[in-house]
Amino acid sequence: MIATLNTLGRPLLRLGLIPQIALGIVAGILLATFAPDTARSAALLGQVFVSALKAVAPVLVFVLVAAAIANHRQGQPTHIRSVLVLYLVGTLVAALVAVAASFAFPTSLELNAPAASGTPPGSVTEVLRNLLLNAVANPVEALMEANFIAILAWAVGLGLLLRRAADTTRTALKDLSDAVSGIVQLVIRFAPLGILGLVANTLAESGLDALLDYGRLLLVIVGCMLFVALVTNPLIVFLKTGRNPYPLVFTCLRGSAITAFFTRSSAANIPVNLELCKRLKLHADTYSISIPLGATINMCGAAITITVTTLAAAHTLGLQVDFVTALMLCIVSALAACGVSGVAGGSLLLIPMAASLFGISADVAMQVVAIGFVISVVQDSTETALNSSTDVLFTAAACRAEGKSDEV
């Protein structure tokens, strides 16, 4: 029996990870279509996969960043500044695209949904205040709660101080980083089974019926994200590198966006992105910092969600939005997106803050948030896919511009 399974499974194992994931997606769709009860049971595969990624990601980020900084040689460039600039520009451009699409395709909502639960931040100042407080949180609690802002802060601080440590200490830290990376690679090998379970359960439980009532809003949001992924992001990369960006764009979409779409968590996709950067042979001192940092602050998809849904609420209420206010919304959305936690649905509770620009009450805004949760099965998945793949794309663009990566 075991020999038969090995014979049948050997051709599958010879396939690359992406073809295996594609087969997992097809198998999940077929399972949900023809055996929905079994598909619900298969949800355990997806839950185990996502839980494993979320469990290893905080430890990996802490160890990898600390080791990269501790072993960094004086005078060796990391290009982090270039990556941060690309993150900021990409988020602002995404918000502008969302504003343009909202004016071109105005959307009305049926604001009769029950109020969503949760406490949204009251202002941009509160978002920035929360970021600062998160940065100085207890490091043990940060690892337990996956507070990546604090994890990054402590890892950077520890890495800087360990740069003067003995060679044996820094070597041990590097060995620990390699060991944790090995665990990550093992978890990623189970991605096809995990995604099979996620797809099967999502389609069996929700289907697509819940999306039909808010199809126009969903089309505008997803359309903006596709435009950013296939037009504006490649344009930014072209301006940065001066080369054809699309081979790199499609590599990042295949290697990062697929898993991010189904895990719906930028934080959970950090190990996948780090592995992709390693395969692309990017500058390790750069991506070991920029990828976990991007999972926290590079949220162009979140900026689109916040902007489109806020303008849809304003249009529904008959509020006139001028250019200056729309530009202000872009800035607020970009700042708010930087404060979004790298977990599923993180952008939705920031909608009331943006809606306050137009004097929209919290009760109405939270109804809009509830609508966001209805369409989140597609919206949040697409948002996360864009956010996460852009982390790798801009990191690769910065490295390529400096000649620190192989051609893709």
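Figured I'd write up the structure that's included with this text. All figures in this text were calculated on a predicted structure; none of them were measured in a lab.

For the rest of this paragraph, the subject is the pattern of salt bridges. Under the defined criterion, the tally for this structure stands at three salt bridges. Of the charged contacts in the structure, one is a salt bridge between arginine 40 and aspartate 37, with a shortest N-O distance of 3.2 Å. Taken together, the residues span about one helical turn, with arginine 40 and aspartate 37 both in helix H3 (residues 36-41) at a distance of three residues. The class of aspartate 37 is exposed, set by a relative accessible area of 59%. The partner of aspartate 178 in a salt bridge is lysine 174, with the nearest N and O atoms 3.1 Å apart. Residue aspartate 178 and its partner lysine 174 are both found in helix H9 (residues 167-188); the two are separated by four residues, about one turn of the helix. Taking relative accessible area as the criterion, aspartate 178 reaches 40% and is therefore assigned partly exposed. Look at lysine 174 and you get partly exposed, because its relative accessible area is 38%.

Before going further, it helps to spend a moment on the environment of arginine 40. For arginine 40, a relative accessible area of 35% translates into the label partly exposed. The spacing of arginine 40 and alanine 204 is 164 residues in sequence and 6.4 Å in space, taken between C-alpha atoms. Here arginine 40 is in contact with Asn201, Ala204 and Glu205, once residues within four sequence places are set aside.

Further remarks concern the packing of aromatic side chains. Using the criterion set out here, one finds three aromatic pairs in the structure. Relative to phenylalanine 394, the ring of tyrosine 87 has its centre 6.5 Å away and its plane inclined at 40 degrees; by these criteria the two rings are tilted. Residue tyrosine 87 is located in helix H5 (residues 80-104), and its partner phenylalanine 394 is located in helix H19 (residues 376-401); the two are separated by 307 residues in the primary sequence. Considered together, tyrosine 87 and phenylalanine 394 belong to a single accessibility category, that of buried residues. Ring geometry for phenylalanine 261 versus phenylalanine 262: centroids 5.0 Å apart, planes at 75 degrees, classification edge-to-face. For phenylalanine 262, a relative accessible area of 19% corresponds to the buried category.

Within the element layout of this structure, alanine 142 appears in helix H7 (residues 139-145). Since its relative accessible area comes to 1%, alanine 142 is described here as buried. For the pair alanine 142 and proline 58, spaced 84 residues apart in the sequence, the C-alpha separation amounts to 8.3 Å. Leaving out residues up to four positions away in the same chain, alanine 142 has contacts with Asn147, Ala150 and Ile151.

The next thing to look at is the environment of leucine 176. Here leucine 176 shows up in helix H9. With 116 residues separating them in the primary sequence, leucine 176 and leucine 60 have C-alpha atoms 9.6 Å apart.

Our focus in this paragraph is the packing of helix H4 (residues 43-70) against helix H10 (residues 191-205). Two numbers describe how H4 lies on H10: the axes approach to 6 Å, and their chain directions differ by 125 degrees. Put simply, H4 runs oblique to H10. When the axes of H4 and H10 are compared, the crossing they make is left-handed. Each of Ala43, Leu45, Gly46, Phe49 and Val50 in H4 lies in contact with H10, whose residues at this interface are Ala191, Leu193, Gly194, Leu196, Gly197, Leu198 and Asn201.

The phi dihedral of lysine 281 falls on the positive side, at around 60 degrees, and the residue is not glycine. Position of lysine 281 relative to the elements: it lies in the loop between helix H13 (270-279) and helix H14 (284-297). On the basis of relative accessible area, lysine 281 is assigned to the exposed category, the value being 55%.

Take a nonpolar patch on the surface next. Taken together, the side chains of Leu88, Leu92, Leu96, Phe323, Val324, Leu327 and Ile331 make up a nonpolar region of the molecular surface, amounting to roughly 670 Å² of accessible area. Residue assignment for the nonpolar patch shows that the elements contributing at least two residues are H5 and helix H16 (323-338). Per-element tally for the nonpolar patch: the top contributor is H16, with four residues. Inspection of the secondary structure assignment puts phenylalanine 323 in helix H16.

If you trace the backbone, threonine 390 turns up in helix H19. Discounting chain neighbours no more than four positions away, the residues touching threonine 390 are Tyr87, Asn233, Asn298 and Cys300.

Let's shift gears to the packing of H9 against H13. Put simply, H9 and H13 touch, their axes get as near as 10 Å, and they point 105 degrees apart. Relative to H13, the element H9 lies roughly perpendicular. Packed against H9, whose contacting residues are Val184, Gln185 and Ile188, the element H13 presents Pro271, Val272, Glu275 and Lys278 at the interface.

With 27 residues, helix H11 (residues 215-241) should cover 39 Å at 1.5 Å per step; its first-to-last C-alpha distance of 37 Å lies within 8% of that length. Where H11 bends most, at valine 228, the angle is about 45 degrees. Phi turns positive, to about 75 degrees, at glycine 242, one or two residues after H11.

What counts and how
Residues numbered from 1 in each chain as written. Predicted model: local features only at pLDDT ≥ 70, side-chain atom pairs only at ≥ 80, totals over all residues. Heavy atoms only, no water. Salt bridge = Lys/Arg side-chain N within 4 Å of Asp/Glu carboxyl O. Helix = DSSP H or I, 4+ residues; strand = E, 2+ residues; numbered from the N terminus. Buried < 20%, exposed > 50% of the residue type's maximum accessible area, 1.4 Å probe, protein only. Contact = heavy atoms within 4.5 Å. Phe/Tyr/Trp six-rings, centres within 6.5 Å; stacked < 30°, edge-to-face > 60°. Axes fitted to C-alpha atoms, helices over the stretch in contact; angles between N-to-C directions. Parallel < 35°, antiparallel > 145°, perpendicular 65-115°, else oblique. Left-handed = near helix turned anticlockwise from the far one by under 90°. Patch = residues over 30% accessible without salt bridge, like charges linked within 9 Å, V, L, I, M, F, W, Y side chains within 5 Å. Areas by Shrake-Rupley, 256 points an atom, 1.4 Å probe, with all protein chains shown as cover. Expected span 1.5 Å × (residues − 1). Bend = angle between axes of the 7 residues up to and from the residue.

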